[in-house]
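For reference, the chains in residue letters:
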Amino acid sequence: MKGNQLVRKLFGTDGVRGEANSYPMTAELALRLGAAAGSVLRRDVSTRRVVIGKDTRNSSYMFENALTAGFTSTGMDVLLLGPIPTPAVGLLTRSMRAEVGVMISASHNSYRDNGIKFFGSDGFKLDDETEARIEAALEQGTELATPENIGQARRVDDGLGRYLEFSKTTFRSRRKLDGLRVVIDCANGAAYRAAPEVLWELGADVVPLGVAPNGYNINDHCGSTCPQKAAEAVLERRADVGISLDGDADRVILIDEKGEIISGDQIMALIAETWLADNRLTRNAIVASIMSNVGMETYLSGLGVSVIRTNVGDRYVVEAMRREKCNLGGEQSGHIVMTDFTTTGDGLTAGLQVLSAMVESGRRASELCNRFEPVPQLLKNVRYRKGRAPLEGDSVKAAVRAGREALGTSGRLIIRQSGTEPLIRVMGECENPDLLRNVIADVSAAVADAA
């Protein structure tokens, strides 16, 4: 505790995350975390429901059982959704009147990692203060339910079906996807059943990839972190568009009919412009993280749309959207949040917005999804060892100062520690590509030496 303020130590930018079966991602801690979350988030004895979803990692089954034990030990009833996208958990937490929603996933990470994300009764991810209260309860211990008040657990058979039907309602076009061939890469993750089914039911000729999870192949050379596989399939199958989701389907990267990869910034720009024309964009503004390309901001400014910047992490994007009363926001990595529909990033729903624009306009993805010319941008990830603090070194601070001086007012240099992996992200933007490469190389080398 810092003064009277609770401090988070366990939670990162997207819940608790780490290597499975190593602290903090152990079954023992998950059990205690479930008990602590239940004691903090339960409002009264009459409302005691929690929904739990998961992705397809082998370890997700272990954490599902551990969390169930923790929640039921404090009197919470648990509804188990099975493998399901993260946005579905936010949706069902609210629609099923649960006190708590939990998604077991490490998103775009490999099968070796896992994570636990919490949602409040309103379907939104918890804020920092509430997560700190859960950590405090974890340290202090929780009061267990008496034998007659121990919670019950049961499987929910129609959770995925509810999400499927909801997803189809977000496709606003009066027309269907008849005649469109769509490659959908589900990253062998949580959307492996939902996404192809929704697209097929809307009329598309579906080419599915990454739909054979085995517990270990999630995000393995597929999905939004490796969209090249979908790009190859788009060209090979002469598809109209490719959609690449990540392991829990809360982010998306698109591929046009030429096999070119479309960033989250371009997707946001297209949706913002489309919604602006339809008078659906609230406040004529969107929210984007500091990592989004300044070219998007310049383009949208020319349309009369302002861009509100926030820290990296879709939870911070959502917090700013709620505070500023914006209904569209996201990140360059493909987290696209549309609060008219969902409470968190939803890769499938974002993809459907683009498909709707294609159907309504009759234009190809390559025409629609290149709204602006990006300012040259370079990102390098530098891995560091646990226990190290590479950004605190004098040599790194000096390299960062020198880099910013070199870029001057015509460029940006952003150095940040990932909240989900042991990585330092070094990102820069500048109209001079050679200068940009030199600055990023110098700063990255300094970070690597300190890592």
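So, here is what we can say about the structure in this document. Chains are numbered independently. Their residues run from 1 in the order of the written sequence. Only residues with pLDDT of at least 70 are given local features in this predicted model, and only at 80 or more are side-chain atom pairs given and counted; all residues enter the totals for whole chains, interfaces and linings. As a convention, hydrogens and water are excluded, and side-chain values are obtained from all of the structure's heavy atoms.

Glancing now at the pattern of salt bridges. Salt bridges, as used here, are contacts in which a Lys or Arg side-chain nitrogen is within 4 Å of a carboxyl oxygen on Asp or Glu. For the structure shown, the criterion picks out 27 salt bridges. Between Lys168 and Glu165 there is a salt bridge, with the nearest N and O atoms lying 3.1 Å from each other. In this pair, Lys168 and Glu165 are both assigned in helix α5 (residues 159-169), three residues apart and thus about one turn of the helix distant. One network of salt bridges, with partners in common, ties together Asp14, Arg17, Lys117, Lys125, Asp248, Asp250 and Asp314. Strands here are runs of E lasting at least two residues and helices are runs of H or I lasting at least four, both read from the DSSP assignment and numbered beginning at the N terminus.

Turning next to the nonpolar core. With 69 residues, the main nonpolar core has Leu177, Leu199, Ile286, Met296, Leu328, Ile336 and Leu355 as its most contacted residues. Counting residues per element, this core draws most heavily on helix α11 (residues 347-361), at eight residues. Residue contacts are counted whenever heavy atoms from the two residues lie within 4.5 Å of one another. In contact with Ile286, not counting residues within four places along its chain, are Met268, Ala272, Leu281, Met296, Leu300, Val305, Ser306, Val307, Ile308 and Leu328. Here, nonpolar core refers to any group of buried Ala, Val, Leu, Ile, Met, Phe, Trp, Tyr and Cys residues whose side-chain atoms link them within 4.5 Å. Accessible area is worked out with a 1.4 Å probe on protein chains only. A residue is then buried under 20% of its type maximum, exposed over 50%, and partly exposed in between.

Aromatic rings from Phe, Tyr and Trp, with only the six-membered ring used for Trp, were paired whenever their centres fell within 6.5 Å, and each pair was classed as stacked if the ring planes differed by under 30 degrees, edge-to-face if by over 60, and tilted otherwise. On inspection of all chains with the given rule, the structure shows three aromatic pairs. With centroids separated by 6.1 Å and ring planes inclined at 55°, the aromatic side chains of Phe11 and Phe118 adopt a geometry described as tilted. Placement of the pair is Phe11 in the segment before β1 (16-19) and Phe118 in strand β5 (residues 113-119), with a sequence separation of 107 residues. Residue class for Phe118 comes out buried when judged on its relative accessible area of 3%. Here Tyr111 and Tyr216 contribute two aromatic rings whose centre-to-centre distance is 5.2 Å and whose plane-to-plane angle is 80°, an arrangement assigned as edge-to-face.

Overall, mixed pairing links the five strands, which are arranged β8-β7-β9-β10-β11 in an open sheet. Of all strands in the sheet, those bounded by a partner on one side alone are β8 (205-209) and β11 (261-262). What makes two strands pair is DSSP finding at least two bridges between them. Bridging between strand β10 (residues 252-255) and β11 involves two bridges; their strand directions are antiparallel. Across the sheet, Leu254 pairs through a bridge with Ile262, a residue of β11. Here, axes are lines fitted to C-alpha atoms. For helices the fit covers the stretch in contact, and angles between N-to-C directions go from 0 to 180 degrees. Across the sheet, α11 touches β7 (181-185), β9 (241-245) and β10, and the angle it forms with β9 is around 165°.

Let's shift gears to the side chain of Thr310. Looking at where Thr310 falls in the secondary structure, it is placed in strand β13 (residues 306-310). Among the polar contacts listed, one links the side chain of Thr310 to the backbone oxygen of Tyr316, at a separation of 3.5 Å. Other than its neighbours up to four places away in sequence, Thr310 contacts Val287, Ala288, Ser289, Ile290, Tyr316, Val317 and Ala320. Whenever two N or O atoms come within 3.5 Å, that pair is a polar contact, provided that in protein one can donate a hydrogen and the other can accept it, and provided that, for residues adjacent in sequence, both atoms are side-chain atoms.

This brings us to helix α1 (residues 27-41). For an α-helix, 3.6 residues make a turn, and residues three or four places apart therefore share a direction. How far a helix is expected to stretch is found by multiplying one less than its residue total by 1.5 Å. For α1, spanning 15 residues, the distance from its first C-alpha to its last is 21 Å, which sits close to the expected 21 Å at 1.5 Å a residue. Of all the positions in α1, only Leu29, Ala30, Leu33, Gly34, Ala35, Ala36, Ala37, Gly38, Val40 and Leu41 are classed as buried. Buried residues belonging to α1 abut β1, α2 (58-73), β4 (100-104), β5 and α4 (128-140).

Take the pairing of β13 next. Where strand β12 (residues 285-289) and β13 come together, five bridges link them in parallel fashion. For Ala288, the partnering residue across the bridge sits in β13 and is Arg309. A clockwise path from the first strand over the helix to the second, with the strands pointing away from the viewer, defines a right-handed crossover. Following the chain from β12 across helix α9 (residues 294-302) to the adjacent parallel β13, one finds a crossover that is right-handed.

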